[in-house]
Amino acid sequence: LGLKVYNYESEREIKGVLLSRCWISNNTADLINASIEELIRLKYVLPAFSTLERLVVSTKHEINEKIYRKFFWRVPKEQRLLLTGTLHKTIDQHKTIFNQKKSLPKSPTLQHFKDYIQHLDWLNEFGDFQSIIKDIPLSKIFGFAEEAKNLDASELKDFTERKQVTYIICII
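Residues numbered from 1 in each chain as written. Predicted model: local features only at pLDDT ≥ 70, side-chain atom pairs only at ≥ 80, totals over all residues. Heavy atoms only, no water.

Caption draft 1: How the structure looks around the packing of aromatic side chains. Scanning the entire structure with this criterion turns up 5 aromatic pairs. Ring plane angle 70° and centroid distance 6.2 Å describe the contact between Tyr 68 and Tyr 167, whose orientation is recorded as edge-to-face. Linking Tyr 68 in helix α3 (residues 49–74) with Tyr 167 in helix α10 (residues 161–171), this pair joins segments that are 99 residues apart in sequence. Ring centres of Phe 159 and Tyr 167 lie 6.0 Å apart, and the angle between their planes is 80°; on these two criteria the pair is classed as edge-to-face. Residue classification places Phe 159 among the partly exposed positions, given a relative accessible area of 26%. The exposure class of Tyr 167 is buried, given its relative accessible area of 1%. (Phe/Tyr/Trp six-rings, centres within 6.5 Å; stacked < 30°, edge-to-face > 60°. Helix = DSSP H or I, 4+ residues; strand = E, 2+ residues; numbered from the N terminus. Buried < 20%, exposed > 50% of the residue type's maximum accessible area, 1.4 Å probe, protein only.)

The structure is reproduced here in structure tokens:
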């Protein structure tokens, strides 16, 4: 069959494939499948699933950290404080602003439309993020936004400030 043993060389080749794919996708299963396809194409014996999973998770973490740093340093400090401030309650609030504002749209009534316009005005107070997200693939931005939607403020507060800023920008 002419199969080659999985070794450091093959892991380096797969890491190269993952480095480019992780900029586009955040889905671990898709990245593992891409790794398997590449190993088959290069005629390597497949390693244990846990080996591929470890490689995918570490590569994904490496790329995501680069993106978090990129977002963080592109956002002025005052704006970062405004964004992360949405994760904290004030004395008169029952919910954080982050948890309040990520709610789904309501039925199409005039009052709900006015609420939506008010929500849009509030979002615009954060500024324009186009220059911040300009070279980040939309699939990555939507992926981070989806993850952020599934978190509440108390969970997001456990993340690094870089990751918090990234997730909040993506959800906006």
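Now that the structure is up, let's keep going.
Caption draft 2: Quick look at the side chain of Ser 10. Locating Ser 10 in the fold gives a position in helix α1 (residues 8–21). Judged by relative accessible area, Ser 10 falls into the buried class, the value being 0%. A distance of 2.7 Å separates a polar side-chain atom of Ser 10 from the backbone nitrogen of Asn 7. Those residues in contact with Ser 10, other than ones at most four positions away along the chain, are Val 5, Leu 39 and Tyr 44. (Polar contact = N/O pair within 3.5 Å; in protein donor to acceptor, adjacent residues only side chain to side chain. Contact = heavy atoms within 4.5 Å.)

Caption draft 3: Local environment of the environment of Ala 48. Along the chain, Ala 48 falls in the loop between α2 (28–41) and α3. As for Ala 48 and Tyr 6, which are separated by 42 residues in sequence, their C-alpha atoms are 9.9 Å apart.

Caption draft 4: View of the nonpolar core. Formed by 37 residues in total, the largest nonpolar core has its most connected members in Phe 71, Leu 83, Leu 156, Tyr 167 and Ile 169. Taken together, the elements giving at least two residues each to this core come down to α1, α2, α3, α7 (130–133), α8 (138–149), α9 (153–156) and α10. Ranked by residues supplied to this core, first place goes to α3 with 8 residues. With near-sequence residues (within four places) excluded, Tyr 167 lies in contact with Tyr 68, Phe 144, Glu 147, Ala 148, Leu 151, Leu 156 and Phe 159. (Core = buried A, V, L, I, M, F, W, Y, C linked by side-chain atoms within 4.5 Å.)

Caption draft 5: Just unusual backbone geometry, in detail. Phi angles above zero are rare outside glycine, and Lys 43 is one such case at about 65°. Position of Lys 43 relative to the elements: it lies in the loop between α2 and α3. Owing to a relative accessible area of 45%, Lys 43 belongs among the partly exposed residues under this scheme.

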